[in-house]
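Single-letter residue listing:
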Amino acid sequence: MQHIWLIDPQPQTASSAQAFAADAHELNEHNAFARKATDWTTIREFSSTAECLVALKAAGRTLWATDLSQHARCLRAPSDGPASPDGSGLVVPEKLAIAFGTESVGCTE
């Protein structure tokens, strides 16, 4: 992975702001560690999902999202799917973006 695009909305309510402040020390430690990744990757931050989606579309990227729900579709293409170089039937877009949600709830709709 070369490009990492992060969506980091700021707290909107007083209760979420208090929870955010309570975890400030842990968050600061995480951010300090994560910043080291910029030595090898290109990181771009967004304040909302909508803002990130507009940028992905402008960059010509196809978005795939991780999903472990009962409605998830497997990445392996059906037997009547298009041919791929490795014979799996899976065709990966040239400009692919993969969305990963939070550890607790994953990607939202």
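Residues numbered from 1 in each chain as written. Predicted model: local features only at pLDDT ≥ 70, side-chain atom pairs only at ≥ 80, totals over all residues. Heavy atoms only, no water.

K.L.:
An account of the confidence of the model for the chain is needed here, citing residue identities and associated values.
P.N.:
Across the chain, the average pLDDT comes to 75, with 61% of residues at or above 70. Here helix α1 (residues 14-22) stands out as the element of the chain with the lowest mean pLDDT, 56, in contrast to helix α3 (residues 49-58), whose mean of 94 is the highest. (pLDDT = per-residue confidence, 0-100. Helix = DSSP H or I, 4+ residues; strand = E, 2+ residues; numbered from the N terminus.)

K.L.:
Tell me about the nonpolar core, and please be specific about residues and values.
P.N.:
Residues F46, C52, A55, L56 and A97 constitute the largest nonpolar core, which totals five residues. In terms of residues, this core owes the most to one element, α3, which gives three residues. Each residue touching A97, except ones within four places of it in the same chain, is listed here: L56, R61, T62, L63 and W64. (Core = buried A, V, L, I, M, F, W, Y, C linked by side-chain atoms within 4.5 Å. Buried < 20%, exposed > 50% of the residue type's maximum accessible area, 1.4 Å probe, protein only. Contact = heavy atoms within 4.5 Å.)

K.L.:
Account for a nonpolar patch on the surface, with residues named and values stated.
P.N.:
A contiguous nonpolar surface patch, about 410 Å² in accessible area, is contributed by M1, I98 and F100. For F100, the location among the structural elements is in the segment after β4 (96-99). The exposed category is assigned to F100, whose relative accessible area is 56%. (Patch = residues over 30% accessible without salt bridge, like charges linked within 9 Å, V, L, I, M, F, W, Y side chains within 5 Å. Areas by Shrake-Rupley, 256 points an atom, 1.4 Å probe, with all protein chains shown as cover. Salt bridge = Lys/Arg side-chain N within 4 Å of Asp/Glu carboxyl O.)

K.L.:
So, α3: which residues are in play, and what are the values?
P.N.:
Taken together, the buried positions of α3 are occupied by C52, A55 and L56. For α3, the angular spread of buried residues about the axis comes to 100°, placing them on one side. The outward face of α3, more than 90 degrees from its buried face, is lined by the exposed residues V54, K57 and A58. Directly after α3, the chain includes G60, whose backbone phi takes a positive value near 75°. (Arc of directions from axis to C-beta.)

K.L.:
Run through the environment of G101, naming residues and quoting values.
P.N.:
With respect to the helices, strands and loops of the structure, G101 is situated in the segment after β4. Look at G101 and you get partly exposed, because its relative accessible area is 37%. Dropping the residues within four chain positions of it, G101 is found in contact with T66, G106 and C107.

K.L.:
Describe the environment of A99, listing the residues and the values that go with them.
P.N.:
Secondary-structure assignment places A99 in strand β4. The sequence separation of A99 and L63 amounts to 36 residues, and the corresponding C-alpha distance is 7.1 Å. Sequence-distant contacts of A99, defined by excluding residues within four places in its chain, comprise L63, W64, A65, T66 and C107.

K.L.:
An account of the packing of aromatic side chains is requested, with residue identities and associated values reported.
P.N.:
Tallied over the full model, the rule gives one aromatic pair. A ring pair is formed by W5 and F46, whose centres lie 5.4 Å apart and whose planes are at 50°; its orientation type is tilted. With W5 in strand β1 (residues 3-7) and F46 in strand β2 (residues 42-46), the pair connects residues that are 41 residues apart, well separated along the chain. With relative accessibility at 22%, the residue W5 sits in the partly exposed group. Here R44 stacks its cationic end above the ring of W5, 4.9 Å away from the centre of that ring. (Phe/Tyr/Trp six-rings, centres within 6.5 Å; stacked < 30°, edge-to-face > 60°. Lys NZ or Arg CZ within 6 Å of the ring centre and 35° of its normal.)

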